[in-house]
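Structural characterization, general
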Amino acid sequence: MSSTERLQRYLSDERGGCGDEEAAQRLAELEELDAAAGGPDLESDVSVLSALANETRYKIVRILHMADGELCVCEFSPLLDVSDSAISHALSQLTDAGLLSRRKDGKWRKYRTTPRASALLVALDGSRK
């Protein structure tokens, strides 16, 4: 059964009858929703959510958000039960996703959350209450 046939069957059940014109109209409405949902920000949004979908990376963002300022890369080692290499890789992924900014300070790299990361954490916190 094709997806259009399933849609027609659903509309028929819901509305007590459905012709080809009604199905075509509803399909056009659904296609508009699909186009809006898959807009230009979709890839970037999925990248951000993917970057947060790991305990180490999420914890790094959460720590930086709570620090309300910069932390040096070396300050994460005592807090996270992963290798320095894993920390560097996580920081790189989070920076690439636009959740962290970094700057070089002499021989050290310092990180902070971006406004987007802070907004996501605030939204998550607010959704738990």
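Residues numbered from 1 in each chain as written. Predicted model: local features only at pLDDT ≥ 70, side-chain atom pairs only at ≥ 80, totals over all residues. Heavy atoms only, no water.

By the naming in an unreviewed UniProt entry, the protein is Arsenical resistance operon repressor (Transcription regulator), taken from Haloarcula marismortui ATCC 33799.

**Focus on the sheet that holds strand E3 (residues 108-113)**
Within a sheet, each strand pairs with its neighbour through backbone hydrogen bonds, oriented either parallel or antiparallel. Operational definition: What makes two strands pair is DSSP finding at least two bridges between them. Working definition: helices are DSSP H or I runs of at least four residues, strands are E runs of at least two. Numbering for both runs from the N terminus. Only heavy atoms matter for contacts: two residues are in contact if any of them lie within 4.5 Å across the pair. Angular values range over 0 to 180 degrees, each being the angle between N-to-C directions of two axes fitted as lines to C-alpha atoms, with helices fitted over their stretch in contact.
One open sheet holds the three strands; their spatial order is E1-E3-E2, and the pairing between them is antiparallel. Of all the strands in the sheet, just strand E1 (71-72) and strand E2 (100-105) have a single pairing partner and so form its edges. Contacting E1, E2 and E3, helix H4 (residues 55-67) runs over the sheet at an angle of about 85 degrees to E3.

**Description of the domain arrangement of the protein**
Inclusion rule: The split into domains, and so the bounds of each, comes from an automatic or database assignment of domains.
For the protein, the assigned domains read domain 1 (1-36) and domain 2 (41-125). For domain 1 and domain 2, the distance between their C-alpha centroids amounts to 43 Å.

**Remarks on the packing of H4 against helix H5 (residues 84-96)**
To be explicit about the condition: Each angle gets one of four labels, with under 35 degrees taken as roughly parallel, over 145 as roughly antiparallel, 65 to 115 as roughly perpendicular, and the rest as oblique. Take the far helix as the reference: if the near one is turned anticlockwise from it by less than a right angle, the crossing is left-handed, and if turned clockwise, right-handed.
At a closest axis distance of 10 Å, the pairing of H4 and H5 adopts a crossing angle of 70 degrees. Of the possible angle classes, the one that applies to H4 and H5 is roughly perpendicular. As H4 packs across H5, the resulting crossing turns out to be right-handed. Touching Thr56, Arg57, Ile60 and Val61 of H4 are Ile87, Ala90, Leu91, Gln93 and Leu94, all from H5.

**Brief notes about helix H1 (residues 3-15)**
Quick reminder of the rule: How far a helix is expected to stretch is found by multiplying one less than its residue total by 1.5 Å.
In this model H1 runs 18 Å from its N-terminal to its C-terminal C-alpha over 13 residues, within 8% of the 18 Å that 1.5 Å per residue would give. Of the residues flanking the end of H1, it is Gly16, one or two places downstream, whose phi is positive at about 70 degrees.

**Some remarks on the pairing of E3**
Moving residue by residue along a regular strand, the side chains alternate between the two faces of the sheet. Pairing between E1 and E3: two bridges, direction antiparallel. Bridge pairing in E3 links Leu71 to Tyr111. In this structure, E2 lies alongside E3, joined through six bridges in antiparallel fashion. Counted as the bridge partner of Arg102 is Tyr111 from E3. In this antiparallel pair of consecutive strands, E2 and E3, the connection spans two residues, and Gly106 shows a positive phi of 70 degrees.

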